[in-house]
Amino acid sequence: MHAVRFTAKGPDAMEQAHGEDGVAEGPDGLFGATAERMFSEVWSRPVLTGRDRRLLLVGLLVGQGMDDALERHLDTALRSGELTPAELRETVVFLTLYAGWPRAARLSAQVERLICRTARA
């Protein structure tokens, strides 16, 4: 098996998605190989926008209760301008019916903390 090498798209797309390029580990480990595929091939495909992918991922993370990863994606979406505070709040309303009130309440609290933190920065 030969080492996976990051392409120009991989780290750039990862930085857009996560706010960091993730190359500190290097491309040879599990994370590096996964990141290369995910961000070089999947996040870089032209049919869906980064915003579309972010909304899909937020819904999935809420449904799975993956609050730590969700926090990172909400923060990146807000800081990058992919989603506005109003759009994040509307996402909470929409997901409440599908993910359930307890998960939506946690999401709402995360969104409000991020909006406040970003407004102060």
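Heads up: the structure comes first, above all this text.
So, here's what we can say about the structure. As the structure is a computational prediction, the values presented were derived from the model and not from experiment.

Here the structure, examined in full by the defined rule, presents 7 salt bridges. Among the salt bridges present, the one from Asp75 reaches Arg79, with a minimum N-O distance of 2.8 Å. A residue pair is termed a helical-turn pair when its members lie 3 or 4 positions apart in one helix, as Asp75 and Arg79 do in helix H4 (residues 67-80) at 4 residues. By relative accessible area, Asp75 is classed as buried at 17%. Given a relative accessible area of 51%, Arg79 falls into the exposed group.

Another point: the packing of helix H3 (residues 50-64) against helix H5 (residues 85-99). Where H3 contacts H5, the axes come no closer than 10 Å and their chain directions differ by 45°. Considering the angle they form, H3 stands oblique to H5. The hand of the H3/H5 crossing is right-handed. Facing H3, whose interface residues are Arg51, Leu55, Val58, Gly59 and Val62, H5 presents Glu87, Thr91, Leu95 and Ala99. Its residues placed into classes, the contact of H3 with H5 shows 5 nonpolar, 2 polar and 2 charged.

Within the secondary structure layout, Arg53 lies in helix H3. This buried residue, Arg53, is left without a salt bridge; Asp52 holds the nearest opposite charge, at 7.2 Å. Separated by 2.7 Å, the side chain of Arg53 and the backbone oxygen of Arg45 make a polar contact. Leaving out residues up to four positions away in the same chain, Arg53 has contacts with Val42, Trp43, Arg45, Pro46, Val47 and Leu48.

Parameters at a glance
- Residues numbered from 1 in each chain as written.
- Predicted model: local features only at pLDDT ≥ 70, side-chain atom pairs only at ≥ 80, totals over all residues.
- Heavy atoms only, no water.
- Salt bridge = Lys/Arg side-chain N within 4 Å of Asp/Glu carboxyl O.
- Helix = DSSP H or I, 4+ residues; strand = E, 2+ residues; numbered from the N terminus.
- Buried < 20%, exposed > 50% of the residue type's maximum accessible area, 1.4 Å probe, protein only.
- Axes fitted to C-alpha atoms, helices over the stretch in contact; angles between N-to-C directions.
- Parallel < 35°, antiparallel > 145°, perpendicular 65-115°, else oblique.
- Left-handed = near helix turned anticlockwise from the far one by under 90°.
- Contact = heavy atoms within 4.5 Å.
- Nonpolar A, V, L, I, M, F, W, Y, C, P; charged D, E, K, R; others polar.
- Lys, Arg positive; Asp, Glu negative; His and termini not counted.
- Polar contact = N/O pair within 3.5 Å; in protein donor to acceptor, adjacent residues only side chain to side chain.

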